[in-house]
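# Understanding the architecture of this molecule
Residue strings, one per chain:
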Amino acid sequence: SKYCISCSADKAVRLWNPHRGVCIREYAGPHNHEVNDVSITGDNSRFVSVGGDRLAFLWDVSTGQVIRKFMGHNGECVARSPK
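The structure presented is a predicted model; accordingly, all values stated were derived computationally and were not measured. (Residues numbered from 1 in each chain as written. Predicted model: local features only at pLDDT ≥ 70, side-chain atom pairs only at ≥ 80, totals over all residues. Heavy atoms only, no water.)

## Some details on the sheet that holds strand β7 (residues 66–70)
Across the sheet, which stays open at both edges, the four strands sit in the order β4-β5-β6-β7 with antiparallel pairing between neighbours. Edge positions in the sheet fall to β4 (35–40) and β7, since each has one partner strand and no second. Neighbour to neighbour, the strand axes of the sheet diverge by 20 degrees on average, direction disregarded. Sheet analysis places strand β5 (residues 46–51) next to strand β6 (residues 56–60), joined by five bridges and oriented antiparallel. Opposite F47, over in β6, you have W59 as the bridge partner. (Pairing = 2+ DSSP bridges. Helix = DSSP H or I, 4+ residues; strand = E, 2+ residues; numbered from the N terminus. Axes fitted to C-alpha atoms, helices over the stretch in contact; angles between N-to-C directions.)

## Describing the packing of aromatic side chains
Under the definition given, this model contains three aromatic pairs. Between Y27 and F47 the ring centres are 4.9 Å apart and the planes differ by 65 degrees, which places this aromatic pair in the edge-to-face class. Residue Y27 is located in strand β3 (residues 22–28), and its partner F47 is located in strand β5; the two are separated by 20 residues in the primary sequence. Using a relative accessible area of 1% as the deciding quantity, one classes F47 as buried. When the centroid spacing of 5.4 Å and the interplanar angle of 15 degrees are considered together, the rings of F47 and W59 count as stacked. Pair noted here: F47 is in strand β5 and W59 is in strand β6, with a separation of 12 residues, a long-range link. One aromatic cluster is present, built from ring pairs that chain together Y27, F47 and W59. (Phe/Tyr/Trp six-rings, centres within 6.5 Å; stacked < 30°, edge-to-face > 60°. Buried < 20%, exposed > 50% of the residue type's maximum accessible area, 1.4 Å probe, protein only.)

Next up, the structure:
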């Protein structure tokens, strides 16, 4: 099944069941500022989050672990996942 994913100024990312409107899981920790954008892969296995700290993190949805940290942006970031 497909999920919805959201991000917020509270530095967290939330995974939602769009049919029931309930939060399934919260992901937090690595961002030092608000999370500005998030994108989940088509198979719902991973997502990328980007924040005001100019960092991007690739996450594993099922374990909640960060797979990789990306640094190097000098400005605002956006997240995109492959289809």
